[in-house]
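Structural characterization, general
As a plain string of letters, each chain reads:
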Amino acid sequence: MKGAYMGKLLTPDDLPIVRGRVYHLDLAPEELARRVIVVGDPDRVPVLAEELLALREVDRFHRGFRTITGVTAETGQRVSFVTSGIGAPSTEIVLNELAALNEVDFATMTRREQWQPLTLVRLGTSGGLNPVTPVGTLILTDYVVGMDNTALYYDIPLPDEACALLEEKVGSVLTGTELPGARFAGKIAPYAARSDRGLLASLTAAASTLELNWTRGLTISSAGFFAEQGRGVARVGTTQVNLLDAFERLASPWPGLELQNMEMEAGFFLHFLGGMRYRAAVVCVVINQRATGVFMADYRRQVLDGARLILRAFKDYGDA
């Protein structure tokens, strides 16, 4: 696959390489599978590997990022489980290094003339915004609206008109919840992205086959955990007031496709990877219901169900 910026020489400052490995993930190109499940918590990586892999090829832990690559027991697929960390800034580092592992010739520090797109799914946890969706439900993100500014450094065209509509609707929510006179009022710019249509269809089919508790929906991806999600804990004011209540009242423009959940990585994940023309999707477990305050402390089984769902979709989606 031909990409932009062909022939550009990357310097050690652009892309630090140490002992033939990218700096943060500590991985060499041959150690990354073309099918990747990305999780936030580094401790979740060995749990998935223990349950799902018959063979481990690589196991690295560096700068808080755990990566295990191996072959699955059930389907015989080569897959990498990779840590993203929490939030868009950490995810930005990881996804850039994954793309470099896939596209860059480390011997010449130039982009290869040909490469195949990776297939990646974020598997995470989230807070539920739809009161009729119980905790433990797997949410397959159809569209996401990101609230961070990390993605705004990447000038990626709108995927479709639905994204434009979502940006407008969420922008109206932000305008309506601004604290009068707030220093940063009007500075938050929501952006919308979507899951890869083919991969989302495979996830949907696999979820039905496996008879899981799941639904598709819209996701809000916040820039952080506290004020960004309506939690007033710190002893300083907030730019937005009653933001969570406003999101819970936000009506979907499409019947049957409701606002379902809020997390912190899906926005940048789908925006960046969509712009790179990689195949990407997001699956998150609802572990707490914001409207009712219900919290599910033990969600290991649901996360493993999500991983099995993704592996089934990888297999059904063809060579990836």
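Residues numbered from 1 in each chain as written. Predicted model: local features only at pLDDT ≥ 70, side-chain atom pairs only at ≥ 80, totals over all residues. Heavy atoms only, no water.

From N to C terminus, the chain includes seven helices and 15 strands. For the chain, the spread of C-alpha atoms along the principal axes amounts to about 55 × 45 × 40 Å. Counting only contacts in the chain whose residues sit at least 6 apart along the sequence, the fraction spanning at least 24 positions is 77%. With the model as given, the accessible surface of the chain reaches about 14,400 Å², and the carbon-plus-sulfur share is 52%. (Helix = DSSP H or I, 4+ residues; strand = E, 2+ residues; numbered from the N terminus. Contact = heavy atoms within 4.5 Å. Areas by Shrake-Rupley, 256 points an atom, 1.4 Å probe, with all protein chains shown as cover.)

Counting through the fold element by element, V170 comes out in helix α3 (residues 161-176). Since its relative accessible area comes to 1%, V170 is described here as buried. Between the C-alpha atoms of V170 and L48, which are 122 residues apart in sequence, the distance is 35 Å. (Buried < 20%, exposed > 50% of the residue type's maximum accessible area, 1.4 Å probe, protein only.)

Before going further, it helps to examine α3. Side chains three or four residues apart in an α-helix point the same way, a direct result of the helix having 3.6 residues per turn. Counted at 1.5 Å a residue, the expected span for α3 with its 16 residues is 22 Å, and the 23 Å between its end C-alpha atoms agrees. Restricting attention to buried positions, one finds in α3 the residues A162, C163, L166, V170, G171, V173 and L174. One face of α3 carries all of its buried residues, which in axial projection span an arc of 170 degrees. Exposed side chains of α3 directed beyond 90 degrees from the buried face belong to E161, E168, T175 and G176. (Expected span 1.5 Å × (residues − 1). Arc of directions from axis to C-beta.)

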